[in-house]
Amino acid sequence: MKVKVIARNPDNYVRGSNQEIDRVPRNLDPDLHPFEAAREYTKAMNAVKLERVFAKPFLKSLDGHTDGVFCLRRSLTSLSTIASGSCDGEIKLWNLQTSNCFKTYNAHNGFVRCLTFNRQGTFLYSVGDDKVVKQWDLEEESSQAKTTYLHSNTMIGVDHHWSKQQFATCGDKVDIWDISRATPIQTYDWGIDTVESIKYNPVETHIVSATASDRSIILYDTRGSNPLRKVTMKMKSNAVAWNPIEAYTFSAANEDSNVYTFDMRRLDTPCNVHIDHVGAVLSVDYSPTGQEFVTGSFDKTIRIFPRDRSKSREIYHTSRMQRVFCVAFSGDAKFVLSGSDETNIRLWKANASERLGASNPRQRRAMKYNQKLKDQYQHHPEVKKIMKHRHLPKLVYKTAKEKKVMLDSLKRKEENVQLHTKAGSVPKVAERKKHIVRVQE
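What counts as what
- Residues numbered from 1 in each chain as written.
- Predicted model: local features only at pLDDT ≥ 70, side-chain atom pairs only at ≥ 80, totals over all residues.
- Heavy atoms only, no water.
- UniProt positions renumbered as here; feature names shortened; annotations may be inferred.
- Helix = DSSP H or I, 4+ residues; strand = E, 2+ residues; numbered from the N terminus.
- Pairing = 2+ DSSP bridges.
- Axes fitted to C-alpha atoms, helices over the stretch in contact; angles between N-to-C directions.
- Phe/Tyr/Trp six-rings, centres within 6.5 Å; stacked < 30°, edge-to-face > 60°.
- Buried < 20%, exposed > 50% of the residue type's maximum accessible area, 1.4 Å probe, protein only.
- Lys NZ or Arg CZ within 6 Å of the ring centre and 35° of its normal.
- Polar contact = N/O pair within 3.5 Å; in protein donor to acceptor, adjacent residues only side chain to side chain.
- Contact = heavy atoms within 4.5 Å.

## As for the UniProt feature "domain: Sof1-like protein" (unreviewed entry) in the protein chain
Within the UniProt annotation, "domain: Sof1-like protein" (unreviewed entry) is assigned to residues 350–436. What you have in residues 350–436 is 57% helix and 1% strand, and the ends, taken at the C-alpha atoms, are 32 Å apart.

## Thoughts on the sheet that holds strand 3 (residues 81–86)
The strands making up a sheet associate through backbone hydrogen bonding, with each pair oriented either parallel or antiparallel. In spatial order, the strands read 2-3-4-5; together these four strands make up an open sheet with antiparallel pairing. On the outer flanks of this sheet lie strand 2 (69–74) and strand 5 (100–106), each paired with one strand and no other. The mean inter-strand angle of the sheet, taken between neighbouring strand axes irrespective of direction, is 20°. Here five bridges tie strand 2 to strand 3, and the two strands are oriented antiparallel to one another. Within strand 3, the position partnered with Leu-72 by the bridge is Ser-84.

## Focus: the packing of aromatic side chains
A full pass over the atoms with the stated rule returns 15 aromatic pairs. Note on Tyr-149 and Phe-167: the rings are 5.3 Å apart at their centroids and 65° apart in plane angle, and the pair reads as edge-to-face. Separated by 18 residues along the polypeptide, Tyr-149 in strand 9 (residues 147–150) and Phe-167 in strand 11 (residues 166–171) bring together distant segments of the chain. We note that Tyr-149, like Phe-167, is buried. The interplanar angle of 55° and the centroid separation of 5.3 Å between the aromatic rings of Tyr-286 and Phe-293 together place this pair among those described as tilted. Note on accessibility: Tyr-286 and Phe-293 belong to one class, buried. Grouping aromatic residues by their ring pairs yields a cluster made of Tyr-125, Tyr-149, Phe-167 and Trp-177. Directly above the aromatic system of Trp-190 lies the positively charged group of Lys-230, at a separation of 4.8 Å from the ring centroid.

## As for the environment of Lys-43
With respect to the helices, strands and loops of the structure, Lys-43 is situated in helix 1 (residues 36–53). Residue class for Lys-43 comes out partly exposed when judged on its relative accessible area of 42%. Each C-alpha atom, one on Lys-43 and one on Lys-374, is 9.1 Å from the other, the two residues being 331 residues apart in sequence.

## Some points on the environment of Ser-225
In this fold, Ser-225 is placed in the loop between strand 16 (216–221) and strand 17 (227–233). For the pair Ser-225 and His-65, spaced 160 residues apart in sequence, the C-alpha to C-alpha distance is 41 Å.

## Let's talk about the side chain of Asp-276
With respect to the helices, strands and loops of the structure, Asp-276 is situated in the loop between strand 21 (272–274) and strand 22 (281–286). A polar side-chain atom of Asp-276 sits 3.4 Å from a polar atom in the side chain of Lys-311. At 2.7 Å, the side chain of Asp-276 and the side chain of Ser-312 are in polar contact. Aside from chain neighbours lying at most four places away, what touches Asp-276 is Arg-303, Phe-305, Ser-310, Lys-311 and Ser-312.

This is the structure in structure tokens:
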């Protein structure tokens, strides 16, 4: 006698864990899924569309300054602490978690030109137009400077050594100071009117880079008595930043609206030219990961560049933001700070559509899956168009079009000269070398 019964194995339909919504049986045989690629393409399109829908990078504004914010610096030991200096000589310390200013110093007569923290995060150093360097003790309640270093000339930039109790200042010359002495212990000069910015290398800590008013970028070795080398460009550089991961790489923000990334071992050719801005680039700062950097420009925008690409991946702007004097990455590389001419410090997300706050495992898996889809289909025309589209202010959009017309005209002129002259009489110059005038050892 045969009896037919319905038998069900609970393992076939019961959820494997409480994190699963439904248990879905799958057969991975590709012959059973002829439309798998088409479905994945649709999912990739939905992923990039939703990324643009949720792209809301602006988080908050830190109000309190009464004049333009000229310099920013993040603490090396606290993720939530930043210092800002304004054009009226005031320095403020901010807590990013609460958006509050917890300390204010009336520091200098005139502009606060530059700020820097020591490696332990206990002292803040500032320079201004009044020819003094002031040391502020952040652990004391006093609003008076702990130490004042006097100089006969105006100082414009300052940066603290990454391991020693020393700092460097620049102005008419480059001076190296020991914090326990009242006069510089080393002075460097290369016949330049003004050195305008200075930065220590965070890896090779004895190397210092500086930009000068004669359109040059200079490298110094503090172990020697003379500068190392100098590269002169067609236009002046306003700021310089070292890559915190690659000891030999630095980027310079230039007046010609470009950012140039150099290898310090070979200064005759930039490694990369980053070209998206349409106004002078005033500030540059690397992410702690070393994979990208942020720039602030005279064209009232902020851009984030991957270190190995010439085009920016992101542009931030608001209708009220004016010239961006200073930018900085946060210590965890998740946020970007900008200080501009209309007295505000703004906090932005480094990834415009990133979800802030806690997420459960299912959300993290979905984000990783969507990211893989975007990486796989990023070169498909429709996906690429959505990923690259950014809204630009009208002025930036029109200026970018004019800039493209001018560059195309110059390129066409060079091609015509090459075409109508004797072969070899007019040498071809590589695009990256066109911006370099000379290199001096």
